[in-house]
Amino acid sequence: ANIGSALTMTGNPQNILIVSLAYDDISWTEFASNMVLPVLAATFVNSSLMFIYYASELFPGSTGFMQNLGIMFAGHRTPEMLAQEHAYYARQAAAKEGMVEEAATGWSIWSKIQVIVCVLFLTAFACGLDVCVVSIVAGAVLMVIASYKRQHFDPRPEHVEYDAEGNIMPPKKVYDMDGNEIEPEEEELVTESETTLTEVDYGLLMLFIGQFVLIGSFDDTGVPQAFFFKTMGGCADQMTSVPCVYWFVMVVTILSNLASNVPVVQMLAATFPFATPYDWIQVSFSATIGGNLTMLGSAANMIVAFQAAKVGDRTFTSERHAPFGIPSTLGALYLGTFILTLVHFSPECSVKLGQCDE
């Protein structure tokens, strides 16, 4: 999630924050053009290590690398994989027993509408329209479409109780003080406000609000600025020049895992208010990729762990993440940074300050 989100300025909160806080303007196409090669390199590193580290889980029963390639590209299956597939289809068949199977009709009209909105969303960015306005409008449109679908087309939830043997229990009868049976009230209609407002993840909003308040107060103390200049040493004035850039991205990575990447971007904006567009591109890549180092490094990792726990999977822990996350993050971070130092399209000077005319 973090690697893919690094591609565009709207891919994650820290990128949006960078574009809004940067002194010089950074367009959507300029941002994406800088990130294409580093993101592809990071994806290659992460995917390669994933197939190596999780090979036994992805390819159960496989005897080695060549057989893994045959499974991925030639459709081969091991006996263990066939057994798992048969067990899965057996559970699916048992679950569908007695249910009326709906004919597959391909993409629904709602999926097509969402694709159209997303295409218009990206086209508006490519045309240089305001990022904040386009994001808010596209998000509001998608929320309204989803709420309308839930209200008028999705099946109503059935309030049915079952006994210990799985048999449907009759509805409970309720009586008043005189012994007269009380008729159940008609089911209330689901309003647009209910279906729309329930689409908002209020817990996640509170998480970011708390982070911004905490880091904003911390920035006012001057401690983050002093810490950054102390750790950068002689590279503070040339942080994105080689070889200082490799120490710079490591400092950003460490800070991202101590305070999460979104607050770190806010802290750096207070430390370097007139940083160049190229500086911010390096910050964006290192803060986003560096968030994969630990579980607490980014909101995406915490969201994945939380959602997995909600469905009963509590195996996504810091101890299990570290053996894969640390080498994958460092490899992707430094390979992408190396490519970005060689190929980038953002100026290494401030246009608004007139530095590029010198």
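This text follows the structure it describes.
The structure displayed is predicted, hence computed values, not measured ones.

Cut-offs used in this document
- Going along each chain's sequence as written, the residues are numbered from 1 onward.
- Under the rules for a predicted model, residues below a pLDDT of 70 receive no local features and side-chain atom pairs below 80 are neither given nor counted, while totals for whole chains, interfaces and linings still include all residues.
- Values shown for side chains rest on all heavy atoms present in the structure; no hydrogens or waters enter the calculation.
- To define axes, lines are fitted to C-alpha atoms, for helices over the stretch in contact only, and angles between the resulting N-to-C directions are given on a 0 to 180 degree scale.
- Helical segments are the DSSP runs of H or I of at least four residues, strand segments are the runs of E of at least two, and each set is numbered from the N terminus.
- With respect to orientation, any angle under 35 degrees is reported as roughly parallel, any angle over 145 as roughly antiparallel, any angle of 65 to 115 as roughly perpendicular, and every other angle as oblique.
- For this analysis, residues touch if any pair of their heavy atoms sits within 4.5 Å.
- Here the nonpolar group is Ala, Val, Leu, Ile, Met, Phe, Trp, Tyr, Cys and Pro; Asp, Glu, Lys and Arg are the charged ones; every other residue, Gly included, is treated as polar.
- By convention in this document, the label disulfide applies to cysteine sulfur atom pairs within 2.5 Å.
- Accessible area is worked out with a 1.4 Å probe on protein chains only. A residue is then buried under 20% of its type maximum, exposed over 50%, and partly exposed in between.
- Two rings belonging to Phe, Tyr or Trp (six-membered ring only in the last case) form a pair when the distance between their centres is within 6.5 Å. Interplanar angles under 30 degrees mark stacking, angles over 60 mark edge-to-face geometry, and anything in between is tilted.
- Note on geometry: a ring has a charge over it if NZ (lysine) or CZ (arginine) is within 6 Å of the ring centre and within 35 degrees of the ring normal.
- Any carboxyl oxygen of Asp or Glu within 4 Å of a side-chain nitrogen of Lys or Arg constitutes a salt bridge here.
- Two distance rules govern patches: like charges are joined within 9 Å, and nonpolar side chains (Val, Leu, Ile, Met, Phe, Trp, Tyr) within 5 Å, applied only to residues with over 30% relative accessible area and no salt bridge.
- Areas reported here follow the Shrake-Rupley algorithm with a probe of radius 1.4 Å; residue values treat only the protein chains shown as occluding.
- Any pair of N or O atoms that falls within 3.5 Å is considered a polar contact. Within protein, one atom must be able to donate a hydrogen and the other to accept it, and sequence-neighbouring residues count only if both atoms are side-chain atoms.
- Here, nonpolar core refers to any group of buried Ala, Val, Leu, Ile, Met, Phe, Trp, Tyr and Cys residues whose side-chain atoms link them within 4.5 Å.

1. Quick notes on the packing of helix 7 (residues 109–126) against helix 8 (residues 131–152)
Part 1 of the reasoning: Two elements in contact, helix 7 and helix 8, have axes whose closest approach is 10 Å; the angle formed by their N-to-C orientations is 175 degrees. It follows that helix 7 is roughly antiparallel to helix 8 by the angle criterion. Along its contact with helix 7, which presents Trp110, Ile113, Gln114, Val117, Phe121, Ala124 and Phe125, the element helix 8 presents Val131, Val134, Ser135, Ala138, Val141, Leu142, Ile145, Tyr148 and Lys149.
Part 2 of the reasoning: Partitioned by chemical class, the residues of the contact of helix 7 with helix 8 number 13 nonpolar, two polar and one charged.

2. Here's the deal with the state of the cysteines
Part 1 of the reasoning: According to the stated counting rule, one finds one disulfide in the structure shown.
Part 2 of the reasoning: Here Cys235 connects covalently by a disulfide to Cys244, the sulfurs 2.2 Å from one another. The disulfide joining Cys235 to Cys244 has a torsion of about -65 degrees about its S-S bond and is therefore left-handed.
Part 3 of the reasoning: You can call Cys244 buried: its relative accessible area is 8%.

3. As for the packing of aromatic side chains
Part 1 of the reasoning: Here the structure, examined in full by the defined rule, presents eight aromatic pairs.
Part 2 of the reasoning: With 5.0 Å between their ring centres and 80 degrees between their planes, Tyr23 and Phe274 make a pair best called edge-to-face. Remark: Phe274 occurs in the loop between helix 13 (261–271) and helix 14 (277–290) and Tyr23 occurs in the loop between helix 2 (13–21) and helix 3 (28–53); sequence separation between them is 251 residues.
Part 3 of the reasoning: A residue is classified by how much of its surface remains accessible, and Phe274, at 48% relative accessible area, is partly exposed.
Part 4 of the reasoning: Taken together, the aromatic side chains of Tyr53, Tyr54 and Phe324 make up a single cluster linked through ring pairs.
Part 5 of the reasoning: Taking the ring centre of Tyr23 as reference, the NZ or CZ of Lys352 above it sits at 5.8 Å.

4. Description of the pattern of salt bridges
Part 1 of the reasoning: Evaluated as defined, the whole model comprises two salt bridges.
Part 2 of the reasoning: Here Lys352 and Asp25 are joined by a salt bridge, their closest N and O atoms 3.7 Å apart. Of this pair, Lys352 sits in the segment after helix 16 (318–342) while Asp25 sits in the loop between helix 2 and helix 3; the two residues are 327 residues apart in sequence, bridging distant segments of the chain.
Part 3 of the reasoning: Among the residues examined, Lys352 registers a relative accessible area of 48% and is labelled partly exposed.

5. Re a nonpolar patch on the surface
Part 1 of the reasoning: A cluster of nonpolar side chains, namely Leu7, Val36, Leu37, Leu40, Leu335, Phe338, Leu342, Val343 and Phe345, defines an oily patch on the protein surface of about 780 Å² accessible area.
Part 2 of the reasoning: Among the elements of the structure, helix 3 and helix 16 are those that each provide at least two residues to the nonpolar patch.
Part 3 of the reasoning: Structurally, Leu342 can be placed in helix 16.
Part 4 of the reasoning: Note on Leu342: relative accessible area 59%, which makes it exposed.

6. Re the side chain of Thr329
Part 1 of the reasoning: Of note, Thr329 is situated in helix 16.
Part 2 of the reasoning: At 2.6 Å, the side chain of Thr329 and the backbone oxygen of Gly325 are in polar contact.
Part 3 of the reasoning: Sequence-distant contacts of Thr329, that is, excluding residues within four places in its chain, are made with Ile289, Gly290, Asn292 and Leu293.

7. Brief notes about the nonpolar core
Part 1 of the reasoning: Ranked by size, the top nonpolar core spans 52 residues in total, and within it Phe228, Met232, Phe248, Leu268 and Trp280 carry the most contacts.
Part 2 of the reasoning: With seven residues, helix 12 (residues 244–259) is the largest single contributor of residues to this core.
Part 3 of the reasoning: Apart from residues no more than four positions distant in its own chain, Met232 is found in contact with Met239, Cys244, Trp247, Phe248 and Val251.

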